[in-house]
Amino acid sequence: MEKKEKIVYMCMSTDVIHGGHIAILNKAKKLGKLIIGVLSDEAVSSYKRFPLVPFEERKLLYQNIEGVYKVVEQKDLSYIENLKKYKPDYVVHGDNWKSGYQKPIREEVIEYLATYGGKLVEYPYSKEQKYQDIDDMMRGQLSLPNIRLQRLKRVLDMKGLITAMEAHSGLTGLIVEKTAVEEEKGGLKQFDAMWVSSLCDSTEKGKPDIELVDMTSRFRTIEDIMEVTTKPIIFDGDTGGLKEHFVYTVRSLERMGVSMVIIEDKIGLKKNSLFGTEVKQTQDEIENFCEKIRAGKAAQKGKDFMICARIESLILEAGMDDALKRAFAYVKAGADAIMIHSRKKDPAEIFEFVEKFRAKDKTTPIVVVPTSFNTVTEEEFKARGVNIVIYANQLIRAGFPAMQNVAKSILKNHRAKEVDDQCISIKEIITLIPEDY
Ligand code: SPV
Ligand code: MG
């Protein structure tokens, strides 16, 4: 009787196939019929750099490698779904996943293979510099304006809900770019995008948040951030200014590679929304603001730049009906997304708005800034139909008391010894930023 050929399973996430991958694929093919599980875009971006080549294209790439028996999708970092389906005799992987954020995934594979006698085969992972160089080159592409700009839409489509963290300088940009935590189930959790807040950009300069920091300076902040990061940027455009000025802002932002501008429906001297009705603030006429949106949309050159209309009705206590009326009018005028803001601790009015808006509009992305209603988790927002959660000011608010306490301690103690353990070490600070970033 003819011996049944063994089934081999390998998961691939890369969007550029180099000699190191080919070597391991060749070894895998020798073990039997090779099934390749191509990792979904969402899963790839959850544990390594954002894929430059989208899933469908990567799938095609593998389908055309000689000797590959079958190419399937692997939706999650976890192998279990596909192991159940294909019951491979062997799973092949590089030996680089024995520690770190891939470890729980490896352990799950070993455990499941043991239930039916499958085996894990690991080959040494190639650390050759030339392969590292290829990956660095691909990573560099992510900072190019067009690729960065389009990435917000891609990641939004991919995940349904994304998070943005505020950045107001190169350093805070680096923090948003690089901070990642390991998830229990394996993989990494990171922020998807950056928010260039008017409040934080102004505060960093010791100025009030009243559209005093001019656009040239705001653009400079964007440049500083862009120089050291790759993640997409959502820009806080305040009121957008005069319609005749806003069209130029849109063109400049688009050219720089910013993905989205959010403008709020206020006119006159703008104050920060978290003041609410404690200070005089005026909401724009609906038709006026619609005109601004239309002008902005007509001004952009490509199709991917997004203009988000921010509704201040709840902040200014103009009521839910006014907020909803404005939301539908702004979408009709061409807004690509809407942001609803509230300064109440209780999220009830945000939830009510989202529910009533979603009853009529299932697709326009909804943005929230949960500074006040900060008990709500991202999972709950997602379940209710929110798409973008912006953490608008936490980095600058964290930095301020930390710096103030250190300054006070030095004054009190007439020396710096006491603050040493509250400070990053000199070695860490001088090596924090690689010279060839
Ligand atoms: C900002 O971050 O500047 C914002 C959000 O506009 S808020 O401060 O809540 O108004
Ligand atoms: Mg602002």
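Since the structure is predicted, the reported quantities are computational estimates derived from the model, not experimental observations.

## Observations regarding the coordination of the magnesium ion (ligand 2)
- Only Ser198 (OG) and Asp236 (OD) from the protein reach the magnesium ion (ligand 2) as donors, at distances of 2.1 to 2.2 Å. Separated by 38 residues along the polypeptide, Ser198 in helix H9 (residues 198-204) and Asp236 in strand S10 (residues 233-236) bring together distant segments of the chain. Summarising the burial analysis for this pair, Ser198 and Asp236 share the class buried.

## Some thoughts on the sheet that holds strand S4 (residues 90-94)
- What the 5 strands build is an open sheet, ordered S3-S2-S1-S4-S5; its pairing is parallel. Of all strands in the sheet, those bounded by a partner on one side alone are strand S3 (68-74) and strand S5 (119-123). The mean angle between the axes of side-by-side strands here comes to 25°, regardless of whether they run parallel or antiparallel.
- Strand direction decides the pairing type here: strand S2 (residues 33-39) and S3, joined by 6 bridges, are parallel. By the bridge assignment, Leu34 is partnered in S3 with Val68.
- Those strands touched by helix H3 (residues 55-63) are strand S1 (7-12), S2 and S3, and its axis lies near 165° from that of S2.

## Observations regarding a nonpolar patch on the surface
- The grouping of Leu171, Ile175, Ile424, Ile426, Ile429, Ile430, Leu432 and Ile433 at the surface amounts to a nonpolar patch, some 730 Å² of accessible area in total.
- When residues of the nonpolar patch are traced back to their parent elements, those giving at least two are helix H8 (170-178) and helix H17 (426-431).
- By residue number, the principal contributor to the nonpolar patch is H17, which donates 3 residues.
- The residue Ile175 is located in helix H8 in this model.
- According to the relative accessible area criterion, Ile175 is partly exposed, its value standing at 39%.

## Concerning the pairing of strand S11 (residues 260-264)
- Across the 5 residues that make up S11, a large majority, 5, are buried.
- Here S10 runs beside S11; their pairing, made up of 3 bridges, is parallel. Residue pairing in the sheet places Ile234 in a bridge with Met260 of S11.

## As for helix H12 (residues 286-299)
- With 14 residues, H12 extends 20 Å between its outermost C-alpha atoms, agreeing within 8% with the 20 Å of an ideal straight helix rising 1.5 Å per residue.
- For H12, every residue scored as buried is listed here: Ile286, Phe289, Cys290, Lys292, Ile293, Ala295, Gly296 and Ala299.
- The secondary structure elements touched by the buried residues of H12 are helix H11 (243-256), S11, strand S14 (306-311) and helix H13 (320-332).

## Some words on the environment of Lys48
- Among the structural elements, Lys48 can be located in the loop between helix H2 (41-45) and H3.
- For the pair Lys48 and Arg358, spaced 310 residues apart in sequence, the C-alpha to C-alpha distance is 33 Å.

## Details of the packing of H12 against H13
- At a closest axis distance of 9 Å, the pairing of H12 and H13 adopts a crossing angle of 30°. As judged from the angle between their axes, H12 and H13 are roughly parallel. For the crossing formed where H12 meets H13, the hand is right-handed. Of H13, the residues touching H12 (which contributes Ile286, Phe289, Cys290 and Ile293) are Lys325, Arg326, Ala329 and Tyr330.
- Among the residues forming the contact of H12 with H13, the class breakdown is 6 nonpolar, no polar and 2 charged.

## Some words on the domain arrangement of the protein
- According to the domain assignment, the protein consists of domain 1 (7-132), domain 2 (142-392) and domain 3 (398-432).
- A separation of 37 Å is found between the C-alpha centroids of domain 1 and domain 2.
- With 16 residues of domain 1 at the interface, the matching set in domain 2 holds 14 residues.
- Buried surface at the junction of domain 1 and domain 2, summed over both partners, amounts to about 1300 Å²; 65% is from carbon and sulfur atoms.
- Among the residues domain 1 hides against domain 2, the three largest losses belong to Glu42, Phe50 and Tyr101. Together they make up 47% of the total.
- Here domain 1 and domain 2 share 1 salt bridge between them.
- Note that Asp41 is salt-bridged to Arg154, the shortest N-O span being 3.9 Å.

## Here we look at empty space enclosed by the protein
- Enumeration according to the criterion identifies 3 cavities of 30 Å³ or more in this entry.
- A volume near 160 Å³ is recorded for the largest cavity.
- For the lining of the largest cavity, the per-class residue count stands at 6 nonpolar, 7 polar and 5 charged.
- One number sums up the size of the second largest cavity: a volume of about 50 Å³.
- Every residue lining the second largest cavity is listed: Ser13, Thr14, Asp15, Val44, Lys48, Arg49, Pro51 and Asp135.
- Split into classes, the residues belonging to the lining of the second largest cavity amount to 2 nonpolar, 2 polar and 4 charged.

So, how was this worked out
Residues numbered from 1 in each chain as written. Chains lettered and ligands numbered in written order. Predicted model: local features only at pLDDT ≥ 70, side-chain atom pairs only at ≥ 80, totals over all residues. Heavy atoms only, no water. Donors = N, O, S within 2.8 Å, 3.2 Å for Na, K, Ca; no water. Helix = DSSP H or I, 4+ residues; strand = E, 2+ residues; numbered from the N terminus. Buried < 20%, exposed > 50% of the residue type's maximum accessible area, 1.4 Å probe, protein only. Pairing = 2+ DSSP bridges. Axes fitted to C-alpha atoms, helices over the stretch in contact; angles between N-to-C directions. Contact = heavy atoms within 4.5 Å. Patch = residues over 30% accessible without salt bridge, like charges linked within 9 Å, V, L, I, M, F, W, Y side chains within 5 Å. Areas by Shrake-Rupley, 256 points an atom, 1.4 Å probe, with all protein chains shown as cover. Salt bridge = Lys/Arg side-chain N within 4 Å of Asp/Glu carboxyl O. Expected span 1.5 Å × (residues − 1). Parallel < 35°, antiparallel > 145°, perpendicular 65-115°, else oblique. Left-handed = near helix turned anticlockwise from the far one by under 90°. Nonpolar A, V, L, I, M, F, W, Y, C, P; charged D, E, K, R; others polar. Domains from an automatic or database assignment. Buried area = accessible area lost by both parts, 1.4 Å probe. 1 Å grid on protein atoms, 1.4 Å probe; cavity = no way out; pocket = protein on both sides within 12 Å on 5 of 7 lines; lining within 4 Å. Points joined across faces, edges and corners; volume = space filled by probe spheres on them.

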